[in-house]
Amino acid sequence: MSTEMQHRAGNDASAPPALVYVIEDDADVAALVLGTLREFGFACEVFSTGGAVLRRLQYEKPDLCIVDLGLPDMDGLDLMRRITAGSSAGVLILTGRGHTADRVMGLELGGDDYVTKPFESRELVARVRSILRRRSAASGTAPGQRRYASFLGWRIDCAANVLRAPDGSEHLLGTAETQVLRCFVERPHQILTREQLMGERDLLPTNRSIDVRISRLRRKIEADPHEPAIIKTVYGAGYLFAADVSWE
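Residues numbered from 1 in each chain as written. Predicted model: local features only at pLDDT ≥ 70, side-chain atom pairs only at ≥ 80, totals over all residues. Heavy atoms only, no water.

(A) Examining the pattern of salt bridges more closely. Using the criterion set out here, one finds 10 salt bridges in the structure. With its nearest N and O atoms 2.9 Å apart, the salt bridge here joins Glu123 to Arg127. Residue Glu123 and its partner Arg127 are located together in helix α6 (residues 121–139), separated by four residues, close to a single helical turn. A salt bridge links Glu170 to Arg164, with the shortest nitrogen-to-oxygen separation between them at 2.6 Å. Where salt bridges share partners, they join Glu24, Asp68 and Lys117 into one cluster. (Salt bridge = Lys/Arg side-chain N within 4 Å of Asp/Glu carboxyl O. Helix = DSSP H or I, 4+ residues; strand = E, 2+ residues; numbered from the N terminus.)

Following this line, the structure appears as structure tokens:
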């Protein structure tokens with residue numbers, strides 16, 4: 001991600017982008033929100049049902065959830081209540097319901113803000129930033145600055161570049177290796193392209209830097225680096241981190 005985009009997202013250049021979940025069953029609206037947020041440097045994932053996002057919340061914690069109230073499998077207000085009960089994520093309600101009763105109910109149940117459709121893209125970004133700033137000030141940490149991640153007995157200190165093995169031994173990672181592993185643990189069970197892992201756009205096919213970093217990580221965390229079970233290659237698409245991750 002470029003320095004300009006990190007600034008636009010309100011993130012420190014050394015920190016990963018704030019992670020935003022977009023829970024919206026209208027494909028056109030979801031695409032508009034996703035495109036807008038990514039343009040301004042946010043990391044985003046889209047879910048069309050409440051059940052899908054609740055399953056993901058079991059092993060990944062976003063900084064903010066944008067919730068549509070009219071979902072096909074559950075009421076958005078109930079989903080919002082479950083999100084706030086099970087995570088520290090902020091909640092922005094984005095819906096076609098413009099009734100005062102819905103607005104009041106949403107805010108009373110823990111929503112940080114309420115935007116009705118149709119909406120203006122830059123206003124949405126401004127409200128997202130505002131929520132993240134307020135929650136950051138209240139918690140004393142910036143969005144994306146989750147420090148310790150654990151998976152399969154391993155634990156990474158993302159600030160100190162230290163990877164601790166299940167047997168207690170520690171490995172000091174290089175900055176490049178830490179960047180790649182951080183990308184993986186921020187997005188488990190998701191295919192990531194070489195460009196996403198390198199934080200660059202339009203990598204040349206001859207650029208093999210990411211392959212070298214992946215190889216080094218596999219030698220550290222895989223039981224058999226030649227038959228990787230954690231960092232899997234998805235041919236023609238990228239790589240996938242096949243382990244559940246918890247943060248503290």
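(B) View of the sheet that holds strand β13 (residues 246–247). Overall, antiparallel pairing links the five strands, which are arranged β9-β8-β7-β6-β13 in an open sheet. Among the strands making up the open sheet, the edge pair consists of β9 (170–172) and β13. Pairing of strand β7 (residues 154–157) with strand β8 (residues 162–164) involves three bridges; the strand directions are antiparallel. Paired with Ile156 across the two strands is Leu163, which belongs to β8. (Pairing = 2+ DSSP bridges.)

(C) Main features of unusual backbone geometry. Here the bond from Lys117 into Pro118 is cis, since omega is -5 degrees, no more than 30 degrees from zero. Following the sequence through the fold, Pro118 ends up in the loop between β5 (113–116) and α6. Residues other than glycine seldom take positive phi values, yet His189 does so here, at roughly 60 degrees. With respect to the helices, strands and loops of the structure, His189 is situated in the loop between α7 (175–186) and β10 (191–192).

(D) Just the sheet that holds β10, in detail. With antiparallel pairing, three strands are arranged side by side in an open sheet as β10-β12-β11. At either end of the open sheet lies a strand with only one pairing partner, and these are β10 and β11 (231–234). Relative to strand β12 (residues 238–241), β10 runs antiparallel, the two being bridged by two bridges. Within β12, the residue paired with Leu192 across the bridge is Tyr239. Packing against the sheet, α7 makes contact with β10, β11 and β12, and its axis sits at approximately 65 degrees to β12. Together, β11 and β12 form the strand contacts of helix α9 (residues 209–221), whose direction differs from that of β11 by roughly 145 degrees. (Contact = heavy atoms within 4.5 Å. Axes fitted to C-alpha atoms, helices over the stretch in contact; angles between N-to-C directions.)

From the geometry alone we can't say anything about function, so treat these as descriptive.
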